[in-house]
Amino acid sequence: MSETKIALVTGANKGIGYEIASGLGALGYRVGVGARDEARRASAVEKLRAGGADAFGVPLDVTDDQSAIAAAELIERQGGRLDVLVNNAGISGETGPGWVQDPTTLDLDLVRTVVETNVIGVIRVTNAMLPLLRRSTSPRIVNVSSSVGSLTRQADPDTEIGPVMAAYAPSKSFLNAVTVQYARQFAGTDILINAACPGLVATDFNGFHGPRTPEQGAATAIRLATLPDGGPTGSFFEDDGVIPW
Ligand SMILES: NC(=O)c1ccc[n+]([C@@H]2O[C@H](COP(=O)([O-])OP(=O)(O)OC[C@H]3O[C@@H](n4cnc5c(N)ncnc54)[C@H](OP(=O)(O)O)[C@@H]3O)[C@@H](O)[C@H]2O)c1
């Protein structure tokens, strides 16, 4: 089997996901660019290749079962296994003025949509890729979460945690909780799974408001994607270290 490590990054056509793909490409990984839109996927692959990365496109809508199955089949044909899965694709869902999602007036369909992408999408893609990850000698899974999913920080009146976001923030708490259950299930195996917070990064996601660049936002996910054997698992990290659940 090829020595070159193979990675898949979901939502890699732009923003933080694109920079995670670029960073892994620079480290010598063959990178699958998971993206649902054909034109955006093709242009990201072209840009990554122009930068020297060994990138290939993976059509992938994380809310679609068939799409996840087809993506796994494509990766199997491309490399026969998967070494790194970065579940990066995510949405905030619609917000009101000040980026608020008020729990008292929340549209239930909005909650369903956000959870379908940010949580169920991660489970769907992870489970579709697991047979390929199990063929790796050092499988790594990174779930791109957010510190707004930290219940400890949300409940601390002294922590600056931004607006009330009653759909998005709990979706990341849910994702964190799911990450812990996967880590428990993987105990005693070589699979390391962790959650990463990129910090407040200027991307489409937030109208390009935020002090950090997508490249800076990608750093923690790249570090967790390339952990050595015996590294941490079932934890939640940002640049400065562990985030409390
Ligand atoms: N930006 C921040 O400050 C910040 C902070 C904390 C956490 N995060 C997290 O970081 C991750 C990346 O966010 P970003 O800031 O880079 O946002 P972004 O620029 O809006 O990128 C989001 C990516 O996810 C993709 N995506 C959304 N729904 C998808 C679906 N159903 N199937 C496949 N791909 C889908 C988007 O694809 P399309 O182009 O097709 O829409 C896009 O590639 C998210 O999980 C987000 O929650 C961001």
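For the structure itself, look to the data block above.
Here is what the cut-offs are and how they apply
- Residues numbered from 1 in each chain as written.
- Predicted model: local features only at pLDDT ≥ 70, side-chain atom pairs only at ≥ 80, totals over all residues.
- Heavy atoms only, no water.
- Near = heavy atom within 4 Å.
- Polar contact = N/O pair within 3.5 Å; in protein donor to acceptor, adjacent residues only side chain to side chain.
- Areas by Shrake-Rupley, 256 points an atom, 1.4 Å probe, with all protein chains shown as cover.
- Helix = DSSP H or I, 4+ residues; strand = E, 2+ residues; numbered from the N terminus.
- Buried < 20%, exposed > 50% of the residue type's maximum accessible area, 1.4 Å probe, protein only.
- Pairing = 2+ DSSP bridges.
- Contact = heavy atoms within 4.5 Å.
- Axes fitted to C-alpha atoms, helices over the stretch in contact; angles between N-to-C directions.
- Parallel < 35°, antiparallel > 145°, perpendicular 65-115°, else oblique.
- Left-handed = near helix turned anticlockwise from the far one by under 90°.
- Nonpolar A, V, L, I, M, F, W, Y, C, P; charged D, E, K, R; others polar.
- Expected span 1.5 Å × (residues − 1).

1. Looking at the site of the ligand
Then, in step 1: With respect to spatial proximity, 29 residues lie near the ligand, and among them Asn13, Asn88, Tyr168, Val201 and Thr203 are the closest.
Then, in step 2: The contact in question runs from an oxygen atom of the ligand to an N or O atom on the side chain of Tyr168, over 2.6 Å.
Then, in step 3: Between the ligand and Lys172, the relevant distance is 3.0 Å, taken from an oxygen atom to a side-chain nitrogen or oxygen of the residue.
Then, in step 4: Within the complex, the protein chains bury 95% of what would otherwise be the 900 Å² of accessible surface of the ligand.
Then, in step 5: Every element with two or more residues in the shell around the ligand is listed here: helix H1 (15-26) and helix H6 (168-185).

2. Considerations on the pairing of strand E4 (residues 84-87)
Then, in step 1: With burial as the criterion, each face of E4 is covered, one bearing Val84 and Val86 and the other bearing Leu85 and Asn87.
Then, in step 2: By the bridge criterion, 3 bridges tie strand E1 (residues 6-9) to E4 in an arrangement that is parallel. The residue of E4 that forms the bridge with Val9 is Val86.
Then, in step 3: Inspection of the sheet shows E4 paired to strand E5 (residues 140-144) by 4 bridges, in the parallel sense.

3. Some remarks on the sheet that holds strand E8 (residues 241-242)
Then, in step 1: An order of E3-E2-E1-E4-E5-E6-E7-E8 is seen for the 8 strands of this open sheet, with the pairing classed as mixed. In the strand order of this sheet, the two ends are held by strand E3 (54-59) and E8, each with one partner.
Then, in step 2: Judged from the 4 bridges that link them, E1 and strand E2 (residues 30-35) form a sheet pairing that is parallel. Within the sheet, the bridge partner assigned to Leu8 lies in E2 and is Gly32.
Then, in step 3: Contacts from helix H2 (residues 38-50) reach E2 and E3, with the element oriented near 170 degrees to E3.

4. A few points about unusual backbone geometry
Then, in step 1: Notably, Trp99 is not glycine yet its phi reads approximately 65 degrees, a positive angle.
Then, in step 2: Structurally, Trp99 is set in the loop between E4 and helix H4 (108-133).
Then, in step 3: The partly exposed category is assigned to Trp99, whose relative accessible area is 28%.
Then, in step 4: A positive phi is found at Phe208, a non-glycine position, where the angle reads about 60 degrees.
Then, in step 5: Summarising the element assignment, Phe208 is placed in the loop between strand E6 (192-196) and helix H7 (214-225).

5. Side note on the packing of H4 against H6
Then, in step 1: Following both chains from N to C, one finds H4 and H6 inclined at 20 degrees, their axes separated by 8 Å at the closest point. The angle between H4 and H6 places the two elements in the roughly parallel class. You can see that H4 and H6 cross each other, and the crossing is right-handed. Where H4 approaches H6, its residues Val114, Val115, Asn118, Val119, Val122, Ile123, Thr126 and Asn127 are matched on the opposing element by Tyr168, Ser171, Lys172, Phe174, Leu175, Val178 and Tyr182.
Then, in step 2: Of the residues that constitute the contact of H4 with H6, the class distribution is 10 nonpolar, 4 polar and 1 charged.

6. Here we look at H6
Then, in step 1: Taking 1.5 Å per residue, 18 residues should reach 26 Å; H6 reaches 26 Å between its end C-alpha atoms and fits that length.
Then, in step 2: Buried residues of H6: Tyr168, Ala169, Ser171, Lys172, Ser173, Leu175, Asn176, Val178, Thr179, Tyr182 and Ala183, and no others.
Then, in step 3: Tucked inside the fold, the buried residues of H6 contact H4, E5, helix H5 (151-154), E6 and strand E7 (236-238).

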